[in-house]
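# Structural characterization, general
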Amino acid sequence: MISDIEQLTTTFEQDLNSATKAKDLEALKVKYLGKKGPISALMINLKDCSKEERPIMGRAINDLKVHVSGKIEAQYKELESQEKLSKLSQENIDITLPGRRVKMGSAHIITQMMDEVLDILISMGFSVQNSPELESEYYNYGGLNYPEDHPARDMQDTYYINKEMLMRSHTTNVQQHIMQSANPPIRIVTPGKCYRNETISSRSHVIFHQFDGLYIDKNVSFKDLLATKEEFYSRLFKKKVEIRTRPSYFPFVEPGLEIDIRCTSCGGSGCTLCKHTGWLEVCGAGMVHPNILREGGLDPDEYSGFAWGGGIERLCLLKHGIPDIRLFMENDINFINQFI
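Structure report, in brief. The structure presented is a predicted model; accordingly, all values stated were derived computationally and were not measured.

### Considerations on the pairing of strand E4 (residues 186-195)
Consecutive residues of a regular strand have side chains that alternate between opposite faces of the sheet. The element E4 is largely enclosed, with a buried count of eight among its ten residues. Of the strand pairs in this sheet, strand E1 (residues 127-128) and E4 are connected by two bridges, and their pairing is parallel. Bridge assignment links valine 128 to a residue of E4, and that residue is valine 189. Relative to strand E5 (residues 207-217), E4 is paired through ten bridges, and the arrangement is antiparallel. By the bridge assignment for E5, cysteine 194 is matched with phenylalanine 208.

Printed below as a string of structure tokens:
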């Protein structure tokens, strides 16, 4: 059997020398190491060896198997290296050409708009505060004067984690946090992501971004609210804007109102952006409800304030004439590249 092993080794070496392609090596692997190959046959013939010869022959056959396998693997690597060198030799490379410039990343349009909003409000004296996305029912609803039977508390409107915790539905949830930890004057803006269980459409989404402003001090008036909003939107749209108010209801403000600005696209004459009304709805606002002040440990006879909240996606839609809010979440690179 030793002579058979030596003869097989010699034959393999000859076949290996003539293998010039990967498919030749694959054929050798099947020929010598396959189940029906000569090495397997040698293993089967071990039963014909004497008890003393069997371990010696077994080791010799295993050594042959390792030798064949290693030689084939080394030849594979050698062929791969030759192919790479061959490809490189065929390429014409002009090393004097400048390298390809790597494109730098850019902030998403939502982030850009949020940064712009915060820059304006910081310059107007507001400080940025953050509130938790995972919030207690008290700070999101109870401490903001929401009645127990208010529909916003229902499961079909709010993402509850359990009976006490939920995903915040607005960044207004910061108000009691701030009033319980700071004394007036309070002048803050709270940016962040919000969650509401709504039907996804061109105008609404289950995830959206919002910023909430809050100003509490002595002698804060409705006139201060209107002046602040007019100044803010004029800076944001980079031109003087006209605002109007419409009565509305929010549990945490009294009186509550919706704020519209004269359409920045048509100047009020009517277009598709403003649905031919000449006005664009931009936010909800109002004077801080006395119950909110009392809940925060402030005397409503001594302090007053105003609050407002607006959607970042809404501002992007208005400022850039974007028709569908879903575009912000789809990660379409062609859409995103428009705002780099």
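From this point, the discussion proceeds with the structure in view.
### Some words on unusual backbone geometry
Most peptide bonds take the trans configuration, and most residues that are not glycine carry a negative phi. In this structure, proline 185 follows proline 184 across a cis peptide bond, with omega equal to 5 degrees. Each neighbour pair has its own omega, and for glutamate 254 with proline 255 the value is 0 degrees, a cis peptide bond. Mapped onto the elements of the fold, proline 255 is located in strand E7 (residues 253-262). For asparagine 145, which is not glycine, the phi dihedral falls at a positive 70 degrees. Within the secondary structure, asparagine 145 sits in the loop between helix H6 (137-140) and strand E3 (165-167).

### Let's talk about the nonpolar core
Membership of the largest hydrophobic core comes to 45 residues, with the highest contact counts inside it found for Val117, Leu121, Phe211, Phe232, Tyr233, Leu236 and Phe328. Those elements giving two or more residues to this core turn out to be helix H5 (109-123), E5, helix H8 (222-236), E7, strand E8 (279-288), strand E9 (304-311) and helix H10 (312-320). With eight residues, H5 is the single largest residue contributor to this core. With sequence-adjacent residues up to four places away left out, leucine 236 is seen in contact with Met113, Glu116, Val117, Ile120, Leu315 and Lys319. Grouped together as the second largest cluster of nonpolar side chains are 20 residues, Tyr141, Val253, Tyr303 and Ala307 included.

### Section: H8
Under the 1.5 Å per step criterion, the end-to-end length of H8 is 21 Å for 15 residues, consistent within 8% with the ideal 21 Å. When we look at burial in H8, the residues that qualify are Leu225, Thr228, Lys229, Phe232, Tyr233, Ser234 and Leu236. Of the residues flanking the end of H8, it is lysine 238, one or two places downstream, whose phi is positive at about 60 degrees.

### A word on the packing of aromatic side chains
Aromatic ring pairs: the centre-centre distance and the angle between the two ring planes describe each pair. One pass over the structure, following the stated rule, counts eleven aromatic pairs. For the ring pair phenylalanine 126 and tryptophan 308, a centre distance of 5.6 Å and an interplane angle of 90 degrees mean the geometry is edge-to-face. One end of the pair, phenylalanine 126, is in the loop between H5 and E1; the other, tryptophan 308, is in strand E9, and 182 residues separate them in sequence. Accessibility assignment for this pair places phenylalanine 126 and tryptophan 308 in one class, buried. A ring pair is formed by tyrosine 141 and tyrosine 146, whose centres lie 4.9 Å apart and whose planes are at 70 degrees; its orientation type is edge-to-face. You'll find tyrosine 141 and tyrosine 146 in the same group, each marked buried. Among the aromatic residues, those joined into a cluster by ring pairs are Phe126, Tyr215, Phe306 and Trp308. If you follow arginine 187 out to its NZ or CZ, it ends over the ring of tyrosine 215, 4.1 Å from the centre.

### Things to note about the pattern of salt bridges
Within this structure, the stated rule accounts for ten salt bridges. Residue lysine 218 pairs with glutamate 302 through a salt bridge whose shortest N-O separation is 3.3 Å. Residue lysine 218 is found in the loop between E5 and H8, and its partner glutamate 302 is found in the loop between helix H9 (290-295) and E9; the two are separated by 84 residues along the sequence. Looking at lysine 218, the relative accessible area reads 45%, which means it is partly exposed. Its salt-bridge partner being lysine 240, residue glutamate 230 comes within 3.0 Å of it at the nearest N-O pair. A residue pair is termed long-range when its members are at least 10 positions apart, and glutamate 230 in helix H8 and lysine 240 in the loop between H8 and strand E6 (243-248) qualify at ten residues.

### Here we look at the side chain of serine 131
With respect to the helices and strands, the residue serine 131 is situated in the loop between E1 and strand E2 (134-136). There is a polar contact of 2.9 Å between the side chain of serine 131 and the side chain of asparagine 173. Among all residues touching serine 131, those that are not within four sequence positions of it are Arg168, Thr171, Asn173, Val174 and Thr190.

### Structural notes on the environment of tyrosine 249
Along the polypeptide, tyrosine 249 turns up in the loop between E6 and E7. Sequence spacing of tyrosine 249 and glycine 284 is 35 residues, and the spatial spacing of their C-alpha atoms is 9.0 Å. Once residues lying within four places of it in the same chain are set aside, the contact partners of tyrosine 249 are Pro147 and His150.

### A word on H10
Because each turn of an α-helix spans 3.6 residues, side chains separated by three or four positions in sequence point in the same direction. Restricting attention to buried positions, one finds in H10 the residues Ile312, Glu313, Leu315, Cys316, Leu317 and Leu318. Its buried side turned inward, H10 meets H5, E5, H8, E8 and E9. In the segment just after H10, glycine 321 is the residue with positive phi, at about 65 degrees.

### A short note on the packing of helix H1 (residues 2-17) against helix H3 (residues 38-45)
As a packed pair, H1 and H3 sit with axes 11 Å apart at the nearest point and diverge in direction by 170 degrees. Judged by the inter-axis angle, H1 sits roughly antiparallel to H3. When H1 is examined against H3, the residues Asp4, Ile5 and Leu8 are found in contact with a partner set consisting of Pro38, Ile39 and Leu42. Residues of the contact of H1 with H3, tallied by class, amount to five nonpolar, no polar and one charged.

Quick notes on the rules
- Residues numbered from 1 in each chain as written.
- Predicted model: local features only at pLDDT ≥ 70, side-chain atom pairs only at ≥ 80, totals over all residues.
- Heavy atoms only, no water.
- Buried < 20%, exposed > 50% of the residue type's maximum accessible area, 1.4 Å probe, protein only.
- Helix = DSSP H or I, 4+ residues; strand = E, 2+ residues; numbered from the N terminus.
- Pairing = 2+ DSSP bridges.
- Core = buried A, V, L, I, M, F, W, Y, C linked by side-chain atoms within 4.5 Å.
- Contact = heavy atoms within 4.5 Å.
- Expected span 1.5 Å × (residues − 1).
- Phe/Tyr/Trp six-rings, centres within 6.5 Å; stacked < 30°, edge-to-face > 60°.
- Lys NZ or Arg CZ within 6 Å of the ring centre and 35° of its normal.
- Salt bridge = Lys/Arg side-chain N within 4 Å of Asp/Glu carboxyl O.
- Polar contact = N/O pair within 3.5 Å; in protein donor to acceptor, adjacent residues only side chain to side chain.
- Axes fitted to C-alpha atoms, helices over the stretch in contact; angles between N-to-C directions.
- Parallel < 35°, antiparallel > 145°, perpendicular 65-115°, else oblique.
- Nonpolar A, V, L, I, M, F, W, Y, C, P; charged D, E, K, R; others polar.

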